[in-house]
Amino acid sequence: MDATIVILDGDGIGPEVTAEAKKVLAAVAGRFGHDFVFDHQQIGGRSIDELGTSLPDETVEAASAAEAVLLGAVGGPKWDDPSLSDRPEQGVLALRKSLDLFANLRPVKLQPQLLSASTIKEETLEGVDLLVVRELTGGIYFGERKEPEDNFEAFDTMLYTRPEIDRVVRLAADSAMDRNRRLASVDKANVLASSRLWRSVATEALADYPELEVEHILVDAMAMHLIRRPADFDVVVAGNLFGDILTDEASMLAGSMGMLPSASLGDVSNRHDLPLGLYEPIHGSAPDIAGRGIANPLAAILSSAMLLRHSLGLEKEAEAVEAAVDAILDLGVRTPDIAQPGTETAGTEVLGNLVVQELSDS
Ligand code: NAD
Ligand code: IPM
Ligand code: MN
């Protein structure tokens, strides 16, 4: 297959981890006889510095024309000044919105080799394998807001419409039908009007899925259930902000932020009639470790596996990448975030090279 993949390195550890994911995609192309063209474009803080905007038009055009987009992460202390009119994060939000990528799939799967890497008890983690579907183009991220210009008053509006809720809940329900047929819908319906709409639209939509076991859970309780009984969950659907927070929490079920990939999908198709998607680790630019070559590249590499699966329809290739990640964890090589007693600590590049080697050898 021939495909164009736009690569957006971003800031901090973004370029470090996407470099490894790109190597892995190139290795997949070599092994399986595909022709991938990598088109590097700008986004985020570096783009503000060099081009004066967090999201150049050229990036949106290239992304729209491509089969898929692989993003590292954006942001950092350099661009945190609240008086700046553009922020690196706005680039990511605007890209998601302009491509209408309303469903952010965040699988949380614990690799058995990492059972003891988590701060949570092993018996609680046994069997953790869930998928969080986070609504990505609505909610409080995109509602009306007032900046604190007067340093006195500011607001953000959590706004949802029926179609926005309906489409993401149905996508989550379809995913649950292909998995273990359990769906938890998360809201704050005891307080928020937008959540009461969420719950009512979700209940109506889910009536079309009688085979599913459905729970509606308040977000504060969900934060607790995720730690108390994580293995009970199959698919979890949540609004933009709740899904963001719950998945950073859930990353600790998998051992580290550096392990969680994501795929953002919508209704737009690419040239091959598959969904155009944006693939990114759930983590950020990690300024505390940027430039040291120790970031875990596996979330980015696993995001490239999701890219192969969802936007290129290359299931066998996606599984080969996932198997290679599994194999290098078996080798006992770890970046510091997932280090365990008795394992060998290595850097970003070493892990990426090992995955490439596994792919080429197997
Ligand atoms: P972060 O995810 O960057 O880091 C949180 C913690 O996790 C840090 O201690 C970091 O070292 C660690 N960590 C994250 N990824 C890791 C990896 N691959 N390997 C090892 N350790 C890893 O979150 P933050 O510090 O709150 O945010 C930093 C910046 O990133 C902010 O500007 C934020 O807006 C931005 N951000 C961007 C994205 C994105 O571009 N999609 C996502 C989240 C945060
Ligand atoms: C994420 C990040 C982003 C979000 C930021 C950087 C805009 O935290 O992808 O999880 O909140 O969506
Ligand atoms: Mn986040």
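Coordinates for the structure precede this section.
Attention here is on the structure that accompanies the text. (Residues numbered from 1 in each chain as written. Chains lettered and ligands numbered in written order. Predicted model: local features only at pLDDT ≥ 70, side-chain atom pairs only at ≥ 80, totals over all residues. Heavy atoms only, no water.)

1. A short note on the overall build of the protein
- Counting secondary structure elements, the protein contains twelve helices and 14 strands.
- By the compact-globule yardstick of 21 Å for 362 residues, the protein fits well, its C-alpha radius of gyration being 20 Å.
- A principal-axis box enclosing the C-alpha atoms of the protein has dimensions of 55 × 50 × 40 Å.
- For the protein, the residues scored as buried account for 54% of the 362 residues in total.
- Long-range pairs, those at least 24 residues apart, make up 74% of the contacts in the protein between residues at least 6 apart in sequence.
- With an accessible surface of roughly 15000 Å², the protein has 52% of that area assigned to carbon and sulfur atoms.
- Where the 30 positive side-chain charges of the protein centre and where its 60 negative ones centre are 4 Å apart. (Helix = DSSP H or I, 4+ residues; strand = E, 2+ residues; numbered from the N terminus. Rg over C-alpha atoms; globule rule 2.2 N^0.38 Å. Buried < 20%, exposed > 50% of the residue type's maximum accessible area, 1.4 Å probe, protein only. Contact = heavy atoms within 4.5 Å. Areas by Shrake-Rupley, 256 points an atom, 1.4 Å probe, with all protein chains shown as cover. Lys, Arg positive; Asp, Glu negative; His and termini not counted. Charge placed at Lys NZ, Arg CZ, Asp CG, Glu CD.)

2. Remarks on the pattern of salt bridges
- One pass over the structure, following the stated rule, counts 24 salt bridges.
- As a salt-bridge pair, Arg87 and Asp80 come within 3.3 Å of each other at their nearest N and O atoms.
- Residue classification places Arg87 among the partly exposed residues on the basis of a relative accessible area of 26%.
- The partner of Asp187 in a salt bridge is Arg199, with the nearest N and O atoms 2.9 Å apart. With Asp187 in strand β8 (residues 182-187) and Arg199 in helix α7 (residues 193-206), the pair connects residues that are twelve residues apart, well separated along the chain.
- What emerges from the salt-bridge pattern is a single network uniting Asp2, Glu67 and Arg271. (Salt bridge = Lys/Arg side-chain N within 4 Å of Asp/Glu carboxyl O.)

3. Remarks on the site of ligand 2
- Surrounding ligand 2, one finds Glu89, Leu93, Arg96, Arg106, Arg134, Tyr141, Asp244 and Ile282.
- Between ligand 2 and the protein, one listed contact pairs an oxygen atom with a side-chain N or O atom of Arg106 at 2.9 Å.
- Here ligand 2, which alone exposes 320 Å², has 78% of that area covered by the protein.
- Among the elements that line the shell around ligand 2, the one with the most residues is helix α4 (residues 88-98), at three residues.
- The residue inventory of the shell around ligand 2, partitioned by class, reads three nonpolar, no polar and five charged. (Near = heavy atom within 4 Å. Polar contact = N/O pair within 3.5 Å; in protein donor to acceptor, adjacent residues only side chain to side chain. Nonpolar A, V, L, I, M, F, W, Y, C, P; charged D, E, K, R; others polar.)

4. Brief notes about the nonpolar core
- Phe36, Val133, Val169, Leu183, Leu253, Leu298 and Leu308 are the most contacted members of the largest nonpolar core, which has 95 residues in total.
- Looking at which domains feed residues into this core, each of domain 1 (1-102 + 260-362) and domain 2 (119-254) supplies at least three.
- Aside from chain neighbours lying at most four places away, what touches Val133 is Ala103, Asn104, Leu105, Val168, Leu171, Ala172, Val235, Val236, Val237 and Ala238.
- By size, the runner-up hydrophobic cluster in this structure holds 16 residues, among which are Ala62, Val69, Leu99 and Leu101. (Core = buried A, V, L, I, M, F, W, Y, C linked by side-chain atoms within 4.5 Å. Domains from an automatic or database assignment.)

5. Overview of the site of ligand 1
- As a matter of local geometry, ligand 1 sits amid 20 residues, with Val74, Glu89, Gly284, Ala286 and Asp288 nearest to it.
- In the environment of ligand 1, an oxygen atom lies 2.5 Å from a nitrogen or oxygen atom belonging to the side chain of Glu89.
- Protein coverage of the free-state accessible area of ligand 1, which is 800 Å², stands at 70%.
- A breakdown of the residues in the shell around ligand 1 according to their chemical character gives nine nonpolar, seven polar and four charged.

6. Quick look at the pairing of strand β9 (residues 213-218)
- Two strands pair when backbone bridges link them, and β8 and β9 are joined in this way by six bridges, in the parallel orientation. Across the sheet, the residue bridging to Leu183 is Val214, located in β9.
- In this fold, β8 hands off to α7, which returns the chain to β9; that crossover is right-handed. (Pairing = 2+ DSSP bridges. Right-handed = clockwise from strand over helix to strand, strands pointing away.)

7. Description of the side chain of Thr137
- Note that Thr137 resides in the loop between β5 (129-135) and β6 (145-146).
- Setting aside anything within four residues of it in sequence, one finds Thr137 in contact with Arg96, Lys97, Asp100, Leu101, Phe102, Phe142, Glu164, Arg167 and Asn240.

8. Some thoughts on the environment of His216
- Counting through the fold element by element, His216 comes out in strand β9.
- When the C-alpha positions of His216 and Asp100 are compared, they lie 26 Å apart, and in sequence the two are 116 residues distant.

9. Structural notes on helix α8 (residues 219-228)
- Turning to α8, its buried residues number three or more, namely Val219, Met222, His225 and Leu226. Viewed end-on, α8 has its buried residues packed into an arc of 105°, placing them on one side of the element.
- On its buried face, α8 sits against β5, β8, β9, β10 (235-238) and α9 (240-251). (Arc of directions from axis to C-beta.)

10. Some details on the packing of aromatic side chains
- As enumerated under the stated definition, the model contains one aromatic pair in all.
- Aromatic pair Tyr160 and Trp198: ring centres 5.4 Å apart, planes at 65°, arrangement edge-to-face. Remark: Trp198 occurs in helix α7 and Tyr160 occurs in the loop between β7 (155-156) and α6 (162-178); sequence separation between them is 38 residues. Exposure class is identical for Tyr160 and Trp198. Each is buried.
- Positioned above the aromatic ring of Phe142, the side-chain terminus of Lys97 is 4.7 Å from the ring centre. (Phe/Tyr/Trp six-rings, centres within 6.5 Å; stacked < 30°, edge-to-face > 60°. Lys NZ or Arg CZ within 6 Å of the ring centre and 35° of its normal.)

Note that every value here comes from positions in space, so none of it alone points to a role or purpose.
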